[in-house]
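Survey of secondary and tertiary structure
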Amino acid sequence: MNPSVTAPSLKALRQCIDTAAASSGGADASALAMAHAIAERLLQVESDLHEQSSLLRTVLDESPDFIILKDHEGNFLLTNAPVARFYNTTPEAMVGKHDGDFGCPPEMAEAFRQNVQDIMARGETEIVYEESRDARTGRTSYFKSIKKPFAGPDGRPRILVIAHDITDLREAQLRVEESERRLRHALEATGDAVWDWHLGSGRLTLSQRWQEILGYRAEDLSGTLTDFLQCLVEEEADDINRALGECLEGRGDYQHEHRMRRRDGSVIWVLDRGRVVERDADGRPVRMVGSVADVTDKKSAQDLIWQQANYDALTGLPNRHMFLDRLQREMQVSDRSGHPCALLMLDLDQFKEVNDSLGHAWGDVLLQEAAQRLRLCVREVDTVARLGGDEFMVLLGDVADPTSVTRVVHDILKTVSQPFRLGSDLVYVTGSVGVTFYPNDASSTEELLRNVDQAMYAAKREGRNCGQYFAPVMQVAAQERMRLITDLRAALSHQQLQLHYQPIVDLASGEVHKAEALLRWKHPERGFISPAEFIPVAESTGMIHEIGDWVFHEAARQAARWRRERPDFQVSVNVSPLQFENGRLALSAWLHHLRSLDVDGSCVVVEITEGLLMEAGPEVTRQLLRFRDAGVQVALDDFGTGYSSLAYLNRLDIDYIKIDRSFVSNLKPASPDLALCEGIAMMAHKLGLKVVAEGVETEEQRALLQAAGCDYGQGYLFSRPVPATQFDALLAHRSHEPA
Ligand SMILES: Nc1nc2c(ncn2[C@@H]2O[C@H](COP(=O)(O)O[C@H]3[C@@H](O)[C@H](n4cnc5c(=O)[nH]c(N)nc54)O[C@@H]3COP(=O)(O)O)[C@@H](O)[C@H]2O)c(=O)[nH]1
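Predicted model only: the values in this text are computed from it and were never measured.

Conventions used here
- Residues numbered from 1 in each chain as written.
- Predicted model: local features only at pLDDT ≥ 70, side-chain atom pairs only at ≥ 80, totals over all residues.
- Heavy atoms only, no water.
- Helix = DSSP H or I, 4+ residues; strand = E, 2+ residues; numbered from the N terminus.
- Buried < 20%, exposed > 50% of the residue type's maximum accessible area, 1.4 Å probe, protein only.
- Pairing = 2+ DSSP bridges.
- Axes fitted to C-alpha atoms, helices over the stretch in contact; angles between N-to-C directions.
- Near = heavy atom within 4 Å.
- Polar contact = N/O pair within 3.5 Å; in protein donor to acceptor, adjacent residues only side chain to side chain.
- Areas by Shrake-Rupley, 256 points an atom, 1.4 Å probe, with all protein chains shown as cover.
- Nonpolar A, V, L, I, M, F, W, Y, C, P; charged D, E, K, R; others polar.
- Parallel < 35°, antiparallel > 145°, perpendicular 65-115°, else oblique.
- Left-handed = near helix turned anticlockwise from the far one by under 90°.
- Contact = heavy atoms within 4.5 Å.
- pLDDT = per-residue confidence, 0-100.
- Right-handed = clockwise from strand over helix to strand, strands pointing away.
- Expected span 1.5 Å × (residues − 1).
- Patch = residues over 30% accessible without salt bridge, like charges linked within 9 Å, V, L, I, M, F, W, Y side chains within 5 Å.
- Salt bridge = Lys/Arg side-chain N within 4 Å of Asp/Glu carboxyl O.
- Disulfide = S-S within 2.5 Å.

As a further point, take the overall build of the chain. Scanning the chain from N- to C-terminus turns up 26 helices and 27 strands. The buried share among the 739 residues of the chain stands at 44%.

Structural data, given as structure tokens:
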């Protein structure tokens, strides 16, 4: 179509018709009129065509897409303005040329030509993604081209190309790919195993390190999600799916610690982390990238720490921490079910003796064996825990029938009292069991523990080898004890402690050469409290060390004072067995105190109990011998009430035996007690020891004891224990009295 070619001939035709009409003089007017009309019509068509053509040109040129018509050789037949601009030329100048004529690299131009010729040959419309170089900027642009082949008017193929510029989109895509590549690089560099999951295609790429960690080779992998799924431990798959799902839904990054099965079947712990790095226009995840780190070692260390934090290393039973946790849970279960739970505390009665006599290693064996036996006394769901030392806890849940608890207590006592084989020794111990119930006795763990402790001590007081149920009265007793402990702590600093002295009389001469220092506590509200009440409290709280030191210092000070008048005067002090424990006796300080008073050790006698000698290990023996070396004499108190083994009397250099007042109180002529006193006196004298009879209240007792061979007497007959000032008067008075 070229209107400019036909336009002059149409005009000429009309002129020709007009000339013909004028020259014919009206002849054949109708033929001329017809010819004129045809000429007019043709002129009109010509004008319309021209208008449509320029409209089409405008449409083509205004299109943002490239519109190209190529001939069978791939040369331009028509291009719109954007194409011409791209190649820095005009549409007209492009006709009959090809891409290579406008700065497109030859190989690219050849590729375009080949491509359109191939499509024309195939005869089907195709969409092609291609790139070309902008002649003005030298920049590469990307196109999505629709290429439609058709037959031209000459019957030869032509092709219409509509190319849409997708450079911005493609560049954005390239940027994403580049940043992903960098991310992958960075992750690989950390040494972690990296995975890259393309959700659209289902393709899963696993890095070299990933394969190493899981023990796979590249050829073992399918490149799909199956590679990951086959490594999961079945029971964890749901959790992993859930965590992944949340990430895919856009609720944060994926992070999950789970196990994975290696190719050889072994299982490792991994920390699996991932992030969605690409989403489509609707926000749907397209791609996820992540890493896997082998945390098996860390996990094992954590497990070990957890194990140590929750289980007793010796017996493998839950420890205090885990026990408290279980107790809390059991209390909650009880709240829901309405059934109580029972808490039992077992303390082994003679465990200390086993430890001391056979050593800690055998003590440990006994505890391990006891733990096993206890487990057999309860159901699988019940808890047996070791809180430390020889103290065990048993937690019985869902106690619908309280008699079942009695049965368990009975079983525990029975099993514990069975002999323990410790090497070549057969050892017998018993247990004391306290019992309390939740919610019947208490509403908190603290209260329950306090209750069960009190009940267990009540069982001990009952004579051991028995069980005691908690009763509120125990609470009262425990509160009183607590008050006593608090007050006793203040007693020393508030000078509420004082020593009273009871004379020890030479039975032959009636003279007073010795006194026993006896501790008194003048409580500001309760008045005098007996040492029989507060010494055990001081012993169990450890205050005995401080109190014992004070007693020794005070008694020595008095002894030094009385020695000024009576050079052989002695004051005896009671020393608790606990003061000897763990080398805590401040012997050097005591001896230093004597030197500072300018007196020698002989002014003091320490009174110890038979129990101490029975348990005397090397440390006690060493301390007693140090007393001897310093000239401090030793008296064995309450003789006859304990084991009364005579072997240690000689070995440990004892100086005095004090016959317990229980033998004296029933003393009658020819009585068994008198025979015993005579026997003890005779035996003591043979060993070179002196004998003191305690609790002498009557003249008859005094006479019988003297006749039995006792050297000294102590008791109310002579005097009650009195303060030092009164004792001064007593001394002055007695020195004027005949024997
Ligand atoms: N570790 C320490 N123990 C001490 C100390 N002071 C005392 N005690 C021990 O407390 C127990 C009770 O002592 P106490 O109430 O002082 O009773 C003593 C005497 O008062 C009492 N006694 C003396 N004569 C008679 C008597 O004729 N009849 C009678 N019924 N009682 C009498 O005997 C107690 C002395 O006993 P002992 O020590 O066994 O010689 C008691 O066990 C004290 O040992 C201390 O400082 N530290």
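After that view, the rundown keeps rolling.
The step from Tyr 438 to Pro 439 runs through a cis peptide bond, and the omega angle for that step is 5°. Position of Pro 439 relative to the elements: it lies in the loop between β16 (431-438) and α15 (445-461). The residue Asp 398 is not glycine, and still its phi comes out positive at about 50°. Turning to its location among the elements, Asp 398 is positioned in the loop between β13 (391-396) and α14 (403-417).

This part covers the sheet that holds strand β5 (residues 157-165). Spatially, 5 strands are ordered β2-β1-β5-β4-β3 in an open sheet, and the strand pairing comes out antiparallel. Two strands in the sheet have a free side with no partner beyond their single neighbour: β2 (76-79) and β3 (126-133). Each strand of the sheet is rotated relative to its neighbour by a mean of 25°, with strand direction disregarded. Across 3 bridges, strand β1 (residues 66-70) lies against β2 in antiparallel orientation.

Quick look at the site of the ligand now. Near the ligand lie 23 residues; those nearest to it are Arg 520, Asp 638, Arg 661, Glu 694 and Glu 697. The separation between a nitrogen atom of the ligand and a polar side-chain atom of Gln 502 is 2.9 Å. At 3.0 Å from an oxygen atom of the ligand is found a side-chain nitrogen or oxygen belonging to Asp 637. Protein chains bury 82% of the 810 Å² of accessible surface belonging to the ligand in isolation. Sorting the residues of the shell around the ligand by element identifies β19 (512-523), α17 (531-541) and β23 (633-639) as the ones contributing at least two each. Broken down by element, the residue count for the shell around the ligand peaks at 4 residues, all from β19. Here the shell around the ligand is composed, by residue class, of 9 nonpolar, 6 polar and 8 charged.

Further remarks concern the packing of helix α18 (residues 544-563) against helix α19 (residues 587-596). At a minimum axis distance of 10 Å, the contact between α18 and α19 shows a crossing angle of 20°. For the element pair α18 / α19, the angle class is roughly parallel. Both α18 and α19 take part in a crossing whose hand is right-handed. Residues Gly 548, Asp 549, Phe 552, His 553, Ala 556 and Arg 557 of α18 form the contact with α19, whose participating residues are Ala 589, Trp 590, His 593 and Leu 594. Looking at the contact of α18 with α19 residue by residue, the class counts come to 5 nonpolar, 3 polar and 2 charged.

A few words on the confidence of the model for the chain. With 95% of its residues at a pLDDT of 70 or more, the chain has an overall mean of 90. Every residue in residues 1-7 scores below 50 in pLDDT, and together they form 5 contacts with partners more than four places removed in sequence or on other chains. In the predicted complex, the global pTM is 0.52; the interface-specific ipTM is 0.95.

Let's shift gears to the environment of Val 378. With respect to the helices, strands and loops of the structure, Val 378 is situated in the loop between α13 (360-375) and β12 (383-388). Residue Val 378 is classed as buried on the basis of its relative accessible area, which comes to 13%. Beyond its immediate chain neighbours, meaning those up to four positions away, Val 378 contacts Val 384, Val 394, Leu 396 and Val 408.

With that settled, consider the pairing of strand β21 (residues 570-574). Two faces make up the sheet, and in a regular strand the side chains alternate between them. With 4 of 5 residues buried, β21 is to be regarded as a mostly interior element. Across 4 bridges, β19 lies against β21 in parallel orientation. Counterpart to Lys 514 in the pairing with β21 is Gln 570. Judged from the 4 bridges that link them, β21 and strand β22 (residues 604-609) form a sheet pairing that is parallel. Along β22, the bridge assignment pairs Val 571 with Val 604. In this region the chain leaves β21, passes through α19 and returns to the parallel neighbour β22; the handedness of that crossover is right-handed.

Turning to α18, a few remarks are in order. In this model, α18 (20 residues) spans 27 Å end to end at C-alpha, consistent with the 28 Å of a helix rising 1.5 Å per residue. Within α18, 14 of the 20 residues are buried, leaving the element largely enclosed by the surrounding structure.

Attention now moves to a nonpolar patch on the surface. Judged by side-chain polarity, Leu 13, Met 34, Ile 38 and Leu 42 come together as a nonpolar surface patch covering roughly 360 Å² of accessible area. Mapping Met 34 onto the fold places it in helix α2 (residues 29-62). Taking relative accessible area as the criterion, Met 34 reaches 55% and is therefore assigned exposed.

On to the state of the cysteines, then. Per the counting criterion, the structure on display carries 0 disulfides. Left without a disulfide partner, Cys 677 is nearest to the cysteine sulfur of Cys 710, which lies 5.6 Å away. With relative accessibility at 0%, the residue Cys 677 sits in the buried group.

Contact geometry of helix α12 (residues 351-358) with α13 gives a least axis separation of 6 Å together with a crossing angle of 140°. The angle between α12 and α13 falls in the class oblique. Between α12 and α13, the residues in contact are Phe 351, Val 354, Asn 355 and Leu 358 and His 360, Trp 362, Gly 363, Leu 366 and Leu 367, respectively. Counted by class, the contact of α12 with α13 contains 6 nonpolar, 3 polar and no charged residues.

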